[in-house]
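One-letter residues, chain by chain:
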Amino acid sequence: MYPQQVQQYLRTFFLENNCQFVNDTDHYLTVQLTIDMDKRIMNRPYYWQYVETTGGVPCPAQLTLITDQTKLTENIKGELVHFGSPRLSQLFQVTHDMGSFIQMFEQVEGTINRPILTPWLGVNYKVSYYSNQTKELLHSLGINLMNGNIISNFHTSLNEMNIAPSMPPNAFLLPYVIKPNRGLERLDGVVENAIQQDDHSWAEQAKKRWQRDMRVLEFFYEGVEVRPESYEMEKTALEQQYEARIKIEVINGGIFYLK
Amino acid sequence: MIIEKSSEWADGLTKRLEGIEPWDNWTFYNMSYHIAQNNLITEFTGLQSPKYLTNLKPLEHQLKVAETVIERMNGKAILADEVGLGKTIEAGLILKEYLVRGLVKKALILAPASLINQWVEELHYKFYIPAVAYKKNTPLEHCEVVVLSMDTAKKSPHRELIFAQDYDMIIIDEAHKLKNHKTKIYEFVQSLKKKFCLLLTATPVQNDVFELFNLISLLKPGHLGNYETFQSAFSASKHDLEHDDYLKELVNQVMVRNRRQDTGIEWTNRQVNIIPIQFTAEEKEVYELILDLKNISPVFSGAFSMITLQKEMCSSKEATFLTLNKMRQNCTSLEENNSVEYVMQKLMALDINSKAEKALEIVSKAQDKVIIFTEYKASQAYLQWFLHTKGITSVLFNGKFNKNKRDYMKHLFKEHAQVLIATESGGEGINLQFCHHVINYDLPWNPMKLEQRIGRVHRLGQEHDVHIYNLAIDNTIEIDILQLLYKKIDVFEKVVGDLDDILSAFKQTI
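Fair warning: this is a prediction, and the values are worked out from it, not measured in the lab.

K.L.:
Sorry, what's going on with the overall build of chain B here?
P.N.:
Regarding its fold elements, chain B presents 20 helices and 14 strands. Along the first, second and third principal axes, the C-alpha atoms of chain B reach 100 × 55 × 50 Å. The 510 residues of chain B split such that 58% are buried. Within chain B, residue pairs in contact and separated by at least 24 positions form 76% of the contacts whose partners lie at least 6 positions apart. Of the roughly 21,700 Å² of accessible surface on chain B, a fraction of 51% belongs to carbon and sulfur atoms. Counting 60 positive and 66 negative side-chain charges, chain B places the centres of these two groups 3 Å from one another.

K.L.:
Could you clarify how one ought to interpret the sheet that holds strand β13 (residues 437-440) of chain B in this entry?
P.N.:
Residue and element names in this part refer to chain B. With respect to topology, 6 strands assemble into an open sheet ordered β9-β14-β13-β10-β12-β11, the strand pairing being parallel. Edge strands, defined here as strands with exactly one partner in the open sheet, are β9 (270-277) and β11 (394-397). Between one strand axis and the next, the sheet turns through 20 degrees on average, direction left out of account. Where β11 meets strand β12 (residues 419-423), 4 bridges bridge the pair, whose relative direction is parallel. Bridge assignment links Leu-396 to a residue of β12, and that residue is Ile-421. Here helix α17 (residues 377-389) sits on the sheet in contact with β10 (370-374), β11 and β12, set at roughly 165 degrees to β12. In the packing of helix α18 (residues 403-415) onto the sheet, the strands contacted are β10, β11 and β12, and the crossing angle to β11 comes to about 155 degrees.

K.L.:
Would you mind going over unusual backbone geometry with me for this structure?
P.N.:
Trans is the common state for peptide bonds, and a negative phi is the common state for residues other than glycine. Here Ser-156 of chain B and Pro-157 of chain B are connected by a cis peptide whose omega angle stands at -5 degrees. We note that Asn-18 of chain A has phi near 60 degrees; this positive angle belongs to a residue other than glycine. Residue Asn-18 of chain A is classed as exposed on the basis of its relative accessible area, which comes to 60%. Its identity is not glycine, yet Glu-174 of chain B carries a phi of approximately 50 degrees, on the positive side. Positionally, Glu-174 of chain B belongs in the loop between β6 (169-172) and α8 (184-190).

K.L.:
Can you walk me through the side chain of Ser-128 of chain A in this structure?
P.N.:
Relative to the helices and strands, Ser-128 of chain A is located in strand β6 (residues 116-130). Residues contacting Ser-128 of chain A, with those up to four places away along its chain left out, are Lys-135, Glu-136, Arg-245, Ile-246, Lys-247 and Glu-249 of chain A.

K.L.:
Please clarify how the environment of Lys-414 of chain B should be interpreted in this entry.
P.N.:
Within the fold, Lys-414 of chain B resides in helix α18. Leaving out residues up to four positions away in the same chain, Lys-414 of chain B has contacts with Lys-369 and Phe-434 of chain B.

K.L.:
What is the right way to look at the pairing of β6 of chain A in this model?
P.N.:
Every regular strand shows the same layout, with side chains that alternate between the two sheet faces. Residues and elements named next belong to chain A. Burial analysis of β6 places 14 of its 15 residues in the buried class, the great majority of the element. Where β6 meets strand β10 (residues 172-173), 2 bridges bridge the pair, whose relative direction is parallel. Looking across to β10, one finds that Leu-117 is bridged to Leu-173. Sheet analysis places β6 next to strand β11 (residues 245-258), joined by 13 bridges and oriented antiparallel.

K.L.:
Looking at this model, I keep getting lost on the domain arrangement of chain A. Mind explaining?
P.N.:
Much of the literature gives interface size as the accessible area that the parts lose upon coming together. In terms of domain boundaries, chain A breaks down into domain 1 (3-98) and domain 2 (102-200 + 244-258). The centre of domain 1 of chain A, based on its C-alpha atoms, is set 32 Å off from the matching centre of domain 2 of chain A.

K.L.:
Just to check I follow, could you spell out the sheet that holds strand β4 (residues 79-80) of chain A for this structure?
P.N.:
Hydrogen bonds between backbone atoms are what pair the strands of a sheet, whose relative direction is either parallel or antiparallel. Residues and elements named next belong to chain A. Overall, mixed pairing links the 4 strands, which are arranged β1-β2-β3-β4 in an open sheet. The sheet is open, and its two edges are formed by β1 (20-24) and β4, each paired on a single side. Examined bridge by bridge, β1 and strand β2 (residues 28-32) share 4 bridges and lie antiparallel to one another. In the strand pairing of β2, Asn-23 is matched with Thr-30.

K.L.:
When you look at the pattern of salt bridges in this model, what are you seeing that I'm missing?
P.N.:
Close approach of charged atoms allows side chains with opposite charge to pair. Here the structure, examined in full by the defined rule, presents 34 salt bridges over all chains. Between Lys-5 of chain B and Asp-188 of chain A there is a salt bridge, and its shortest N-O distance comes to 3.9 Å. Taken as a pair, Lys-5 of chain B in strand β1 (residues 2-5) and Asp-188 of chain A in helix α6 (residues 180-197) lie in two separate chains rather than in one. Between Glu-192 of chain A and Lys-5 of chain B there is a salt bridge; the shortest N-O distance is 2.7 Å. Taken as a pair, Glu-192 of chain A in helix α6 and Lys-5 of chain B in strand β1 lie in two separate chains rather than in one. Of the residues examined, Glu-192 of chain A reaches a relative accessible area of 29% and is grouped as partly exposed. Given the relative accessible area of 46%, Lys-5 of chain B is considered partly exposed. Among the charged side chains, a network of salt bridges with common partners joins Glu-82, Arg-257, Arg-259, Arg-260, Arg-270 and Glu-451 of chain B.

K.L.:
What exactly am I supposed to notice about the packing of aromatic side chains here?
P.N.:
For any pair of aromatic rings, the description rests on two quantities: the centre-to-centre distance and the angle between the ring planes. Tallying each qualifying case throughout the model produces 27 aromatic pairs over all chains. An aromatic cluster is built from Tyr-9, Phe-13, Phe-14 and Phe-92 of chain A together with Phe-28 of chain B, whose rings are joined through pairwise contacts. Positioned over the ring face of Tyr-47 of chain A is Arg-44 of chain A, at 4.2 Å from the centre of the ring. The positively charged end of Arg-245 of chain A is found above the aromatic ring belonging to Tyr-130 of chain A, 4.9 Å away from the centroid.

Analysis parameters
Residues numbered from 1 in each chain as written. Chains lettered and ligands numbered in written order. Predicted model: local features only at pLDDT ≥ 70, side-chain atom pairs only at ≥ 80, totals over all residues. Heavy atoms only, no water. Helix = DSSP H or I, 4+ residues; strand = E, 2+ residues; numbered from the N terminus. Buried < 20%, exposed > 50% of the residue type's maximum accessible area, 1.4 Å probe, protein only. Contact = heavy atoms within 4.5 Å. Areas by Shrake-Rupley, 256 points an atom, 1.4 Å probe, with all protein chains shown as cover. Lys, Arg positive; Asp, Glu negative; His and termini not counted. Charge placed at Lys NZ, Arg CZ, Asp CG, Glu CD. Pairing = 2+ DSSP bridges. Axes fitted to C-alpha atoms, helices over the stretch in contact; angles between N-to-C directions. Domains from an automatic or database assignment. Salt bridge = Lys/Arg side-chain N within 4 Å of Asp/Glu carboxyl O. Phe/Tyr/Trp six-rings, centres within 6.5 Å; stacked < 30°, edge-to-face > 60°. Lys NZ or Arg CZ within 6 Å of the ring centre and 35° of its normal.

Printed below as a string of structure tokens:
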């Protein structure tokens, strides 16, 4: 993420959390936190415990976040926020926690007939390949919980629809034929299948590197009867360095009632 | 292959469907997806991190080093660029890349005490890595990246606290301090787990080729064989050029080294000269008298103490006096005592220091900022006094100064004084590009110390040709030191690669 993107992200994040901006420029912003946000990100539980038990006047913090120091001409004190900085990771985590599960309805207007909406389960997956290198893939999948039809790039297709968290008046929601949890299993299956079909020469290569380095290590300790602790340590290190692993994570997902 | 998967999300979904917990907000949902999309690492290769680092414009050779280390050396390497090419930047790029890729969660950085703050600052400012300088009660379990000195790390209880952590990456600055495999610090580093590991040193060979063997055996035990096989292979290579190339090739698999001239940057020239000096007749006499002491008293018969005295005599009478005086106290007989006393009287009667006169001549001729490196604190103090009597301002510098004092001294030198007089330990970690004359008033045994000293001024940002003056007094031990320095440089060039001029522009063949 570039500084402009970070700035944009912060603005949306605090706006959506009902925090007021005191200063709002293209390279830094000062924001008045709400009590709720203060508790979430400022890490001062004792203060809040104190205020709440004594009935004192709560005074949530103001936070100045600088996204592009190079543009800073004012004498501003604040936290530098960049991709990889702890503050941004924290806010990403909060965002993630606040946006993991969703239920949305396609909005249908002006129809005389009672609109009928079909339930879908949408899930965004991140798949990571690890050895001494990494690569990540996103899979956004949706399954029609009526007929089991599965489509990819589900999240992108949502952008073209008018969806909202509340049910349009009058709408008729079809019941599930496939239970959401069963749907999820099927989507998991699709991801695992995609992984199986993928090119895994990266893992082969990592294994070769591992074997080669193991041979080098063995050579060093050749003829040593009782291997010292450092030998075991090196072996563990090589394992951690080269062992091929795949991780499947769900970024988020939810139930979507669509036309 | 292992596939890791968690059922956490499935459980959360069930709770929402059953109405136990509320659904989330669409904006955050959408943002969360876009964060994942934006930050996705789509390729195994290539550097992801530089584009995010707005406070850093890495140089071509630095990016190349980072890529080579990650892709060809799998994250275990000796970074051996010549002094001043930005090894810290290279290490920062590599660390950042692994952090961004999620391959490193915790990293341990060992650096000389005087450089700890510089590391922390650079990592914060240039790489946005929240590194922490280790203090007594730093909770290591909560620190992703911690910087501490080797001296602290190897001692209890710090040592045990470090072993209790699981570090994915170890970075060691000034790694030539690990050249000796019998030291406590070597053993400490050896027993650390090194999944990814960077050893930073401009001088992987200082005295002999076994130092390089020791370094590489820390990084990748077995890469150069075990001690016995290496020993026989290297002694073979002394007579066999093919073997020599093979060794160099092996070394290059785990070491990256840029020379100034390979960086594509315009470097100013380095003009290195040996300045021969003649003792006055009186100085010569005292030098001989000191040498003769070994025939008079057993206190002076040890080779080491005699060499120290000879070296000091080549530096200043002040330095010599301190040692002589100390040694005199070990003399038992009256006769011994009297002899030493006699030498001391002769010594203190000297009114000319030929070397200091030569240094003065160079400083006056330069009419510019000059750094003088000496090995002895007494000579340092003497030189300041001597220059002062000639109307030349100077500041002192040594490695024990804390950061504030260093910065202040550097400032004084830049703004007010003509000369900075530094002792050896002041050689690391200060950058003085605004100066381009260096006098090596005393010669160290180790050529790489000279390289480190020169590196203080001949580095990125230097705009003028750099003049190096190596002072050596004829017919003294300093000529032997010169010979030895040439020999060590030869070994370095054989296994590591060519060196920039250190002693003089003309290579001496042995």
